[in-house]
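Given next are the chains, with one letter for each unit.
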Amino acid sequence: MRKISVDEFMFIEAFQRDEDFEHYPQSTYLDLKTGEVFWVFIEDDDAEMWAGIEPEENATLREKVEAAPEMYLEIRGRNHGEHHDILREFLNSNWTDDEELRVKAQEAYSGSIGGWKAEVNDQNVVNAYFDFRDRKIKELAEEFLHEHDIQPIWR
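Attention in this report is confined to the structure presented alongside it. This one's a predicted model, so the numbers in the text were calculated from it and none came from an experiment.

1. Quick notes on the overall build of the protein chain
Here is step 1 of the chain: Along the backbone of the protein chain there are seven helices and five strands.
Here is step 2 of the chain: Helices (α) and strands (β) of the protein chain occur, in sequence order from the N terminus, as β-α-β-β-α-α-β-α-α-α-α-β.
Here is step 3 of the chain: In terms of overall dimensions, the protein chain has a C-alpha envelope of 55 × 35 × 20 Å along the principal axes.
Here is step 4 of the chain: Taking all 155 residues of the protein chain together, 41% fall into the buried category.
Here is step 5 of the chain: Of the contacts made within the protein chain by residues no fewer than 6 positions apart, 61% connect residues no fewer than 24 positions apart.
Here is step 6 of the chain: In the structure as shown, the protein chain presents an accessible area of about 9000 Å², 47% of it carried by carbon and sulfur atoms.
Here is step 7 of the chain: One way to put it: in the protein chain the 17 positive side-chain charges average out to a point 5 Å from where the 38 negative ones average out.

This is the structure in structure tokens:
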């Protein structure tokens, strides 16, 4: 397994993004030599409008990946259903010993994450979910990297 120093924040941002709600088609990549994480937009002008990346820089990044695809690992984001799966997993976990609170949180979910947060109306429950989600996303990210024979050294 290859050890690569990877910026944890940038990798997790790329890995957890909700692909179903992206306004502009884009891909994210991990440079397998440097551990750099970068975004490449399909349309160069979208890169500037959406992320402040100069169109020329976006074109250069895209050409770099196209010229040597074996040097980069595409980081697929999550689809919206996967985010809901994480919330359902949280709701069915042992996140609290308070059975009444657990049932209240479970009953508040009706298929919308935003609606659930509003319905549950308890910041401690929402914070517990976010903590769970962050741990789960990191676990899934590490599994993804291991599947590609990469041992991340988070920085």
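2. A closer look at the nonpolar core
Here is step 1 of the chain: Phe11, Leu30, Val37, Leu87, Phe90 and Trp116 are the most contacted members of the largest nonpolar core, which has 35 residues in total.
Here is step 2 of the chain: Looking at this core, the elements that each hand over two or more residues are strand S1 (2-6), helix H1 (8-16), strand S3 (37-41), helix H4 (80-91), helix H5 (99-108), helix H6 (113-120) and helix H7 (123-147).
Here is step 3 of the chain: Take this core: its biggest share by element is eight residues, from H7.
Here is step 4 of the chain: Ignoring anything within four residues of it in the chain, the contact list for Val37 reads Val6, Met10, Phe11, Ala14, Tyr29, Leu30 and Ile75.

What counts and how
- Every chain is numbered independently, its residues counted from 1 as its sequence is written.
- A pLDDT threshold of at least 70 governs which residues receive local features in this predicted model, and a stricter bar of 80 or more applies before side-chain atom pairs are shown or counted, although totals over entire chains, interfaces and linings include all residues.
- Working from all heavy atoms in the structure, the side-chain values ignore hydrogens and water.
- Counting from the N terminus, the helices are DSSP H or I runs at least four residues long and the strands are E runs at least two residues long.
- Partly exposed residues are those whose accessible area sits between 20% and 50% of the maximum for their type, while under 20% is buried and over 50% is exposed, using a 1.4 Å probe and protein chains only.
- Here a residue-residue contact requires only that any non-hydrogen atoms of the pair lie within 4.5 Å.
- Residue exposure ignores everything except the shown protein chains as possible cover, and the areas themselves are Shrake-Rupley values with a 1.4 Å probe.
- Neither His nor the chain termini are counted; the positive set is Lys and Arg, and the negative set is Asp and Glu.
- Every charge is mapped to an atom, namely NZ of Lys, CZ of Arg, CG of Asp or CD of Glu.
- We call a set of buried residues a nonpolar core when its members are Ala, Val, Leu, Ile, Met, Phe, Trp, Tyr or Cys and they connect through side-chain atoms within 4.5 Å of each other.

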